[in-house]
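# Understanding the architecture of this molecule
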Amino acid sequence: MKWASVPLLAVVLSLTSGDRALSQLFQTPSQTPSRAPSPQPPSPRDQIRQRVNDNVLFLMGGQPGATFSQLAHDISVVVDDGKNLRVLPVVGGAAVQNVEDVVYLRSIDMALTTQEAMNHLKASGELGPHLEQQITYIATLFPNPLQILARSGAKSIKDLSGKKVNFNNKGSATAQFVPKIFKTLGVNVQQELFLAQGDALEKLRNGEIDATICSCPVPVLAFVNVKPDWVLRLVTVPFEKQIQALYLHATISIEDYPALIE
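The following refers to the structure shown. Computed from a predicted model, the values in this text were never measured in an experiment.

Looking at the secondary structure, you find Glu255 in the segment after β12 (250–252). In this structure Glu255 comes out as exposed when scored by relative accessible area, which is 63%. Sequence-wise, Glu255 and Pro219 are 36 residues apart; in three dimensions their C-alpha atoms are separated by 9.8 Å. Here Ser253 takes part through its side chain, which lies 2.7 Å from a polar atom of the side chain of Glu255.

Given below as structure tokens:
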């Protein structure tokens, strides 16, 4: 069985120019010595320090345990050749915060974000009117399907009207943008919660909430651990006209979640 969803695209960003500046100390003629001292050769310690810092890039990932954090770690392992390039993952915030960190935070060279976050920042102008002149895309990495895990009584996102719904960690792209998708589709929940998926899954099993959502790459680790006797299911998101301008259609198959999809 295939499951319709709303995917996002994750991208990597980088500064278009280096964020490190050099400064010079100017002296007045009276302060200038008659003969400039000969430059001292770098000490062995300075040489090692320079070599260690050459070709190091800092990659802003996500919150501890979140998808971006794991992905940043995976990237650092794959591209590290031990000599010419070293990528150091940094624990960070989420999609929108990561873009701001690339623009403003000291020493951050790259970050993970979503196409949705970029569209929002360009439209809002929060980081200035010409964001594309401050950062550049490196690569599109993967689709980000909207995955809604609910109690068995719900089959569609529209069945969650009047329900208690978790929208992932506060500050995440899911928390910031998915409630707007609900409202666009006319789905008004009773209560919005913002919990890590592991905590939300416990509340879902106990009947304290009705659904938990993650706009994340497949599979979500917490969802993989769901047992058939928990009577939970993934619900569909109709690909209606109101969201087609901003999102793509996607499917999730039994290979992704054998215990959740028939």
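So, on to helix α5 (residues 173–184). Helix length check: α5, at twelve residues, gives a terminal C-alpha distance of 17 Å against a target of 16 Å (1.5 Å per residue), a fit within 8%. Restricting attention to buried positions, one finds in α5 the residues Ala173, Thr174, Ala175, Phe177, Val178, Pro179, Ile181 and Phe182. Looking one or two residues past α5, Gly186 carries a phi angle of roughly 75°, positive in sign.

So, on to the packing of aromatic side chains. Enumeration over the complete set of coordinates arrives at three aromatic pairs. Summarising the aromatic geometry, the rings of Phe167 and Phe182 are spaced 5.2 Å apart at their centres and angled 80° between planes, so their arrangement reads as edge-to-face. Here Phe182 lies in helix α5 and Phe167 lies in the loop between β8 (164–166) and α5, a separation of 15 residues in the sequence. The side chain of Lys170 reaches across the aromatic face of Phe194, ending 4.4 Å from its centre. Positioned over the ring face of Trp230 is Arg205, at 3.8 Å from the centre of the ring.

Definitions and limits used
- Residues numbered from 1 in each chain as written.
- Predicted model: local features only at pLDDT ≥ 70, side-chain atom pairs only at ≥ 80, totals over all residues.
- Heavy atoms only, no water.
- Helix = DSSP H or I, 4+ residues; strand = E, 2+ residues; numbered from the N terminus.
- Buried < 20%, exposed > 50% of the residue type's maximum accessible area, 1.4 Å probe, protein only.
- Polar contact = N/O pair within 3.5 Å; in protein donor to acceptor, adjacent residues only side chain to side chain.
- Expected span 1.5 Å × (residues − 1).
- Phe/Tyr/Trp six-rings, centres within 6.5 Å; stacked < 30°, edge-to-face > 60°.
- Lys NZ or Arg CZ within 6 Å of the ring centre and 35° of its normal.

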